[in-house]
Amino acid sequence: MAQILFYAMAVVALGSAVAMVTRKSPVASLLYMVTTLASLAVIFVLFEAHFLAAIQVIVYAGAIMVLFLFVIMLLNLGHDYRKDLKGGLAAVLSLGVSGALAGLLVSHFRASAPEPFAGRIRDSGILESLIAEKGAVGAMARPLYVDYVVAFEVTGILLLVAVVGALALAKRRV
Amino acid sequence: MQELSQTAFLVAATLKVLAVFAGVMGVVALLTLLERRIAAFIQDRLGPNRVGPFGILQPVADGLKNFLKEETMPATAAQPYFLLGPLLSLVPALVTFAVIPFASPLPTPWGVVDMIVADVPIGILYILALSSLAVYGVVMGGWASNNKYSFLGGLRASAQMVSYEVALGLSVVVVLIVAGNVTLTEMVWRQQQMGLWFAFPLSLAFILFVISAFAETNRLPFDMPEAESELVGGFHTEYSGMKYAMYPMAEYAHMLTSSALMATLFFGGWDIPFWRGDDAFRHEGIWIQGFDGEGSPVPAVLAWWKTILTFGSFAVKTSFFILLYMWVRWTVPRFRYDQIMQLGWKVLLPTALAYVMVVAVTVLSLDTVGVPYGFVWGAILTMVSALCTAVFLWVVDRGRILSGAAYGLRERYRIQARTLGREAVTPFGVGGSGTTA
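Residues numbered from 1 in each chain as written. Chains lettered and ligands numbered in written order. Predicted model: local features only at pLDDT ≥ 70, side-chain atom pairs only at ≥ 80, totals over all residues. Heavy atoms only, no water.

## Re the overall build of chain A
Put simply, the rule is: Helix numbering and strand numbering both begin at the N terminus, where a helix is a DSSP run of H or I of at least 4 residues and a strand a DSSP run of E of at least 2. The rule is simple: take the accessible area with a 1.4 Å probe, protein chains only, and divide by the maximum for that residue type; under 20% is buried, over 50% is exposed, in between is partly exposed. The criterion used for residue contact is that any of the two residues' heavy atoms lie within 4.5 Å. Where accessible areas are quoted, they stem from the Shrake-Rupley method and a 1.4 Å probe; at the residue level, only the protein chains shown are allowed to cover.
The helix and strand inventory of chain A stands at seven helices and zero strands. Along the chain direction, N to C, the helices and strands of chain A fall in the order α-α-α-α-α-α-α. Within chain A, buried positions represent 22% of all 174 residues. Nonlocal contacts in chain A, meaning residues at least 24 apart in sequence, comprise 59% of its contacts between residues at least 6 apart. Counting every atom, chain A has about 12,100 Å² of accessible surface; 73% of that belongs to carbon and sulfur.

Laid out in structure tokens, this is it:
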């Protein structure tokens, strides 16, 4: 059952990711991106990573996509998007870069065939006992706020700097 | 009391899904009638009372009417998205009810069935995730209609829902700190253990949650996306027939879910007050009622009549909040759009942030001192929260309602000064320049 669901969701995720890139209408590619992120969330649930799945939907599908929608609507890209598309050289360049990245990934995984890590954790039952003991969020909170607190805070400051920078850029135009 | 077998679990789960889905749809239909009756009551009319006894079959007639109406499709609309809009808003509203526990566990010959569709470990996060998806329906519908009023409605919806989601999330964080977990079953259990509903020890969070939930469901005074008087019908101007009907259905389903959520988070869920006999929680595989003096678990006594009673308790609490929604809708006028944004970002968000700090510090110091979790623990937190709530209300009020008589006097001085065209010198100090009038 889990196997079937996993493959179904993987197909949906990959399919809508491809559709997201190939669609011409930005709103369509936006919806495909939501579909990709939602099916990734389902895959997370299949690996018992409930908290990650919820955060995936809340952060990506929720906040970022709503902001995306904002940008698209305020720039009125939705209806006359054709003149915004770049042809020729840009297409070749982007194909080349993404091809190189894909090649890098393939060569890396060829060299060191990874063990199915996520599956191993699920089968060992470590996560289940952790969730039973501390809850789905508690299992995540301890490493985040105790073991790796410095890295976590530094990431927070990084995001804060980004927000301040965005604000400074936006303010200048007013 | 043995565990459910695999087959029994599947059968029970299917039955629960069907029952809850049918129940939610039925209640949503009745809510449309209730809303009209309450509107009529407040405006001193009778309301729809012709179809069936007390007009109880009015929703059926409405549904039939909507099915038979012509489905119009605006020529300039972006078709697939136009059709997707109502669906995207109805589905999240219907599925969120799945994680809310609605009664105490039911003992059956095949094992104990807990009265919740899916007790997922992420509980409330599931609800937050899905309600953040709900905005897509409104925005998509407003944009796809290709109509400036609809588009404005959609934009307002997205801005409003994003803003108030923050305050909503932060007021839930406070509950999480006290409950210690995100599952709603555990929240109900912690309230039973405390002997106090979270509405008291977390009174400010309760107020913030209710305000944000009003904004999240787009109900008056926060119904900017619709705003009939300025935007025709807002995001659903171009919709007709069943496609239109799905939007109100989504709104009522959303209202039902958030009422049930308020009841669960702050009013003890299905808990019956002043009675320990109904307490039940699944602790290390067995159902317990609580812990005795030595900290060893006391097994719970489950019974079918307790399930029915607790369901009644849950239904009463949920209905209370639904009535509150409707009462407010027909009492309070609509906000201006900039006021909504100010309230969300400048009042609710800082308040919620500060309150999270206060509660976290209080909980930490209570635990450090070694006060055991229970009534005394809750009472201390209640006092701290009452102080915060008093400060919040006083600041937000700015001398309008709470200090009524004195404000009236000050206002009279100000008007007097304006007519005389000079600075108003009042017993409260200098204020209200006469020249700006």
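## Considering the side chain of T257(B)
Within the secondary structure, T257(B) is located in helix α9 (residues 241-266). Once residues lying within four places of it in the same chain are set aside, the contact partners of T257(B) are A93(B), T96(B), F97(B) and I100(B).

## Focus: the packing of helix α5 (residues 148-179) of chain B against helix α6 (residues 184-194) of chain B
Residues and elements named next belong to chain B. Worth spelling out the cut-off: Only C-alpha atoms enter the line fits that serve as axes; for helices the fit covers just the stretch in contact. Angles between N-to-C directions range over 0 to 180 degrees. Left-handed describes a crossing whose near helix is turned anticlockwise from the far helix through less than a right angle; right-handed describes the clockwise counterpart. Any residue that is not Ala, Val, Leu, Ile, Met, Phe, Trp, Tyr, Cys, Pro, Asp, Glu, Lys or Arg is counted as polar, Gly included; the first ten are nonpolar and the last four charged.
In the contact formed by α5 and α6, the axes pass within 10 Å of each other and the chain directions differ by 60°. By crossing handedness, the relation of α5 to α6 is classed as left-handed. Every residue of α6 that contacts α5 at V175, L176, V178 and A179 is listed here: E186, M187, R190 and M194. Tallied by class, the residues present in the contact of α5 with α6 amount to six nonpolar, no polar and two charged.

## Describing the domain arrangement of chain B
Where we set the bar: Here the bounds of each domain stem from an automatic or database domain assignment.
By the assigned domains, chain B splits into domain 1 (6-403) and domain 2 (406-437). Relative placement of domain 1 of chain B and domain 2 of chain B: their C-alpha centres are 44 Å apart.

## Topic: the packing of aromatic side chains
Condition: Two aromatic rings from Phe, Tyr or Trp, using only the six-membered ring of Trp, form a pair when their centres are within 6.5 Å; if the ring planes differ by under 30 degrees the pair is stacked, by over 60 it is edge-to-face, and anything between is tilted. Definition used: whenever NZ (Lys) or CZ (Arg) falls within 6 Å of the ring centre and also within 35 degrees of the ring normal, the charge is taken to sit over that ring.
Summed over all chains, the structure comprises 20 aromatic pairs over all chains. Pairing Y145(A) with F152(A) gives two aromatic rings, centres 4.8 Å apart and planes at 65°, and the pair type is edge-to-face. Of the aromatic side chains, those joined through ring pairs into one cluster are W197(B), F206(B), F209(B), F266(B), F267(B), F320(B) and F321(B). The ring of Y373(B) is capped by R190(B), whose NZ or CZ atom sits 3.9 Å from the centre of that ring.

## Some remarks on the side chain of S39(A)
All names here are of chain A. Definition in use: Counting of polar contacts relies on pairs of N or O atoms within 3.5 Å, with two restrictions inside protein: one atom must be capable of donating a hydrogen and the other of accepting it, and residues adjacent in sequence are counted only when both atoms are side-chain atoms.
Among the structural elements, S39 can be located in helix α2 (residues 26-46). On the basis of relative accessible area, S39 is assigned to the buried category, the value being 3%. Within the structure, S39 has its side chain in polar contact with the backbone oxygen of T36 (distance 3.0 Å). Among residues more than four places away in sequence, those in contact with S39 are M9, V12 and A13.

## Some words on the environment of S145(B)
Residues and elements named next belong to chain B. Structurally, S145 is set in the loop between α4 (124-144) and α5. Classification of S145 by relative accessible area gives buried; the value is 1%. Considered as a pair, S145 and S296 are 151 residues apart in the sequence and their alpha carbons are 62 Å apart. Those residues within four positions of S145 in sequence are excluded, and the remaining contacts are T76, A77, F82, S150, F235, E238 and Y239. One polar contact links the side chain of S145 to the main-chain carbonyl oxygen of G141, over a distance of 2.7 Å.

## Some details on helix α10 (residues 304-329) of chain B
Residue and element names in this part refer to chain B. As a reminder of what qualifies: Helices are assigned an expected span. That span is 1.5 Å times one less than the residue count.
Over its 26 residues, α10 extends 38 Å from the first C-alpha to the last, a length consistent with the 38 Å expected when each residue adds 1.5 Å. For α10, the complete set of buried residues consists of K306, T307, T310, S313, F314, K317, T318, F321, I322, Y325, M326 and V328. On its buried face, α10 sits against α1 (6-42), β1 (106-108), α7 (203-216) and α9.

## Side note on the sheet that holds strand β5 (residues 297-299) of chain B
All names here are of chain B. As a reminder, the rule being used: Two strands qualify as a pair provided DSSP detects at least 2 bridges between them.
Overall, antiparallel pairing links the three strands, which are arranged β3-β4-β5 in an open sheet. Of all the strands in the sheet, just β3 (281-283) and β5 have a single pairing partner and so form its edges. Averaged over all pairs of adjacent strands, the angle between strand axes in this sheet comes to 70°, irrespective of strand direction. Here β3 runs beside strand β4 (residues 286-291); their pairing, made up of three bridges, is antiparallel. Its bridge partner lying in β4, H283 is registered against I286.

## Examining helix α1 (residues 2-22) of chain A
Residue and element names in this part refer to chain A. Compared with an ideal rise of 1.5 Å per residue, which puts 21 residues at 30 Å, α1 spans 30 Å between its outermost C-alpha atoms and is within 8% of the ideal. Looking only at α1, the buried set comprises M9, A10, A13, S16 and A19. Here the buried face of α1 lies against α2.

## Digging into the environment of W270(B)
Residue and element names in this part refer to chain B. Counting through the fold element by element, W270 comes out in the loop between α9 and β3. When the C-alpha atoms of W270 and A315 are compared, they prove to be 8.2 Å apart, with 45 residues separating the residues in sequence. Every residue in contact with W270, bar those within four places of it in the chain, is listed here: P101, F102, A103, S104, V188, Q192, D278, A280, T310, S313, F314 and K317. Separated by 3.5 Å, the side chain of W270 and the backbone oxygen of A103 make a polar contact.

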